[in-house]
Amino acid sequence: AQSVTQPDIHITVSEGASLELRCNYSYGATPYLFWYVQSPGQGLQLLLKYFSGDTLVQGIKGFEAEFKRSQSSFNLRKPSVHWSDAAEYFCAVASGYGQNFVFGPGTRLSVLP
Amino acid sequence: GAGVSQTPSNKVTEKGKYVELRCDPISGHTALYWYRQSLGQGPEFLIYFQGTGAADDSGLPNDRFFAVRPEGSVSTLKIQRTERGDSAVYLCASSLRGASGGANEQFFGPGTRLTVL
């Protein structure tokens, strides 16, 4: 069965600084990988996804993520954080044939002015 | 177009009562999922429907939980004899089936916050 870890429970960055949120997964085959963002009182919104092909994927709101098979990682990055990026971020993995998504515990991002 | 909708947005009930939570998926989405999200945690998978049938119900915690999707669109999650530990946000998501039959993007509803007193 697949699993996801997000080592950082809470990260604080200054507005304009760069950001990297870590995600490690466990799955025996090539995974389907996703990053979702959840703002307070809002539903989960997809930032980006990786199914196959180019291991660097671009998402919405200036986010990108890189799939590294050798490290079983799918870290999320943004070069310059905006105050509106403050939210909870979830990494998720799915198998190629099953439809069961497994989410990580989330990383809460705070942005200092 | 309309997204995934869930009703009610909030539900407060007493221990031992029965509750029903409703999910309206995006039109044309054949796959529908239920998740439960406790405070400070990520969504936890409960059950997945492909059409009218439950393709995977391995996440349902016990036999007090049951879900149906009789016409392949709207789904209802039913919880019998509610317990305080059932308090959580219940999320519904829908997706198109992937081109290869694999996973595809899930669109989430706003959730139903269930509080069991």
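> Tell me about the confidence of the model for chain A, and please be specific about residues and values.
With 96% of its residues at a pLDDT of 70 or more, chain A shows a mean pLDDT of 91. Here strand β11 (residues 101-103) of chain A stands out as the element of chain A with the lowest mean pLDDT, 89, in contrast to strand β9 (residues 73-78) of chain A, whose mean of 98 is the highest.

> Describe in detail the pattern of salt bridges, supporting the description with residues and values.
If you walk through the whole model with that rule in mind, you get nine salt bridges over all chains. For the salt bridge of Glu 66 of chain A with Arg 77 of chain A, the shortest nitrogen-to-oxygen distance reads 3.3 Å. Highlighted residues: Glu 66 of chain A in strand β8 (residues 64-68) and Arg 77 of chain A in strand β9, separated in sequence by eleven residues. Since its relative accessible area comes to 23%, Glu 66 of chain A is described here as partly exposed. Under the relative-accessibility criterion, Arg 77 of chain A is labelled partly exposed at 23%. In this structure, the salt-bridge partner of Arg 64 of chain B is Asp 86 of chain B, at a minimum N-O distance of 2.8 Å. Here Arg 64 of chain B is found in the loop between β6 (53-56) and β7 (65-68), whereas its partner Asp 86 of chain B is found in the loop between β8 (75-79) and β9 (88-95), with 22 residues between them in sequence. You can call Arg 64 of chain B buried: its relative accessible area is 7%. On the accessibility criterion, Asp 86 of chain B (3% relative accessible area) is buried.

> A description of the layout of surface pockets should follow, citing residues and the corresponding values.
Considering only enclosed or pocket space, the largest pocket measures out at about 600 Å³ in volume. Lining the largest pocket are 26 residues, and of these Gln 38 and Gly 41 of chain A together with Gln 37, Val 89 and Arg 113 of chain B lie nearest its centre. The set of elements that each furnish at least two residues to the lining of the largest pocket consists of β10 (87-94) and β12 (107-112) of chain A together with β9 and β11 (112-116) of chain B. Residues belonging to the lining of the largest pocket are distributed by class as follows: ten nonpolar, 13 polar and three charged. Volume-wise, the second largest pocket comes out at about 190 Å³. Along the wall of the second largest pocket there are 15 residues; nearest its centre are Gln 45, Leu 46 and Leu 47 of chain A together with Glu 105 and Phe 107 of chain B.

Rules used throughout
Residues numbered from 1 in each chain as written. Chains lettered and ligands numbered in written order. Predicted model: local features only at pLDDT ≥ 70, side-chain atom pairs only at ≥ 80, totals over all residues. Heavy atoms only, no water. pLDDT = per-residue confidence, 0-100. Helix = DSSP H or I, 4+ residues; strand = E, 2+ residues; numbered from the N terminus. Salt bridge = Lys/Arg side-chain N within 4 Å of Asp/Glu carboxyl O. Buried < 20%, exposed > 50% of the residue type's maximum accessible area, 1.4 Å probe, protein only. 1 Å grid on protein atoms, 1.4 Å probe; cavity = no way out; pocket = protein on both sides within 12 Å on 5 of 7 lines; lining within 4 Å. Points joined across faces, edges and corners; volume = space filled by probe spheres on them. Nonpolar A, V, L, I, M, F, W, Y, C, P; charged D, E, K, R; others polar.

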